[in-house]
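# Report on the structure
The lines below spell out each chain.
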Amino acid sequence: MPDATMKHTLPGDIERSSMAIIRQELEARGIVLPEENVAVVRRVIHTTADFDYVENLRFTPNAVPLGVAALGAGASIVTDTNMALAGVSKAALERLGGEAYCFMADPEVAQAARNQGTTRAVASMRKAAQTVSHGVFAIGNAPTALLSLCQEMEEGFRPALVIAVPVGFVNVVESKERLWDCCQRYQVPAIVAMGRKGGSNVAAAICNTLLYTATGTLDPADRGWQG
């Protein structure tokens, strides 16, 4: 028998109700977030149902407004997985004049990785740095992609924003810490999920928060969602 207490609601209603629950739980825990970071933290919690991100997410000064401004000016997004790429709102990105890229499946990247004895993640970041001059780089899976970005920054490359949220156990923590230090050294805006947690869904969620902010569509009704 169906549970009579369960309500069938439209997607917009579900998102609003979820965000309201998150706000209430944060308030109940006495957690007050910097206003510029609130939307990002809430959407990551909404995506993962994990309140640990309140402490795990670290932001360089003005990372969110700088990322929003870059996307608003037409910056493109680069991801390290096709899963993250699929999760990015193409409608919002197109509205702003940007594009989304993932070079992991590019045959040239695969060949370069074989020739150089490295990972496709490393080779894809090298190609991305040559292709997208001032984009938002969203990394949710590959620690080696973060290390490759560090090397590119040491050689003069300056992304508009790095979203560093790989998930896992091997080299994940260390790569995030190195990326954080590198971004601070070169004054590159960064949003980093310190520790082991993260993932392609988190990378996409952060990108979408910035895109929705830039297009004024944080409320699902403004995205054409029913409810």
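Let us look at the structure shown here.

The rules behind these values
- Residues numbered from 1 in each chain as written.
- Predicted model: local features only at pLDDT ≥ 70, side-chain atom pairs only at ≥ 80, totals over all residues.
- Heavy atoms only, no water.
- Helix = DSSP H or I, 4+ residues; strand = E, 2+ residues; numbered from the N terminus.
- Rg over C-alpha atoms; globule rule 2.2 N^0.38 Å.
- Buried < 20%, exposed > 50% of the residue type's maximum accessible area, 1.4 Å probe, protein only.
- Contact = heavy atoms within 4.5 Å.
- Lys, Arg positive; Asp, Glu negative; His and termini not counted.
- Charge placed at Lys NZ, Arg CZ, Asp CG, Glu CD.
- Pairing = 2+ DSSP bridges.
- Axes fitted to C-alpha atoms, helices over the stretch in contact; angles between N-to-C directions.

### Describing the overall build of the chain
Across its full length, the chain carries 11 helices and six strands. Its C-alpha atoms give the chain a radius of gyration of 18 Å, within 12% of the compact-globule value 17 Å for 227 residues. On the principal axes, the C-alpha backbone points of the chain span a range of 60 × 40 × 35 Å. By the burial criterion, 51% of the 227 residues in the chain qualify as buried. Taking all contacts inside the chain whose residues are at least 6 apart in sequence as the whole, residues at least 24 apart take part in 68%. Looking at the chain, you have 20 positive and 23 negative side-chain charges, and the mean spots of the two groups are 2 Å apart.

### Thoughts on the environment of L96
Here L96 shows up in helix α6 (residues 90-96). Residue L96 is classed as buried on the basis of its relative accessible area, which comes to 16%. Setting aside chain neighbours within four positions, we find L96 in contact with L71, G72, G74, L211, A214 and T215.

### Quick word on the sheet that holds strand β3 (residues 100-101)
Taking strand neighbours across the sheet as the criterion, the six strands line up as β1-β6-β5-β4-β2-β3 in an open arrangement whose pairing is mixed. One side of each edge strand has no neighbouring strand; the edge strands of this open sheet are β1 (57-59) and β3. Inspection of the sheet shows strand β4 (residues 136-139) paired to strand β5 (residues 161-164) by four bridges, in the parallel sense. Across the sheet, residue F137 finds its bridge partner in β5, namely V162. Sitting on the sheet, helix α8 (residues 120-131) is in contact with β2 (77-79) and β4, with an inclination near 165 degrees to β4. Here helix α10 (residues 172-185) sits on the sheet and contacts β1, β5 and β6 (190-193); the angle it forms with β6, its principal contact strand, is near 160 degrees.

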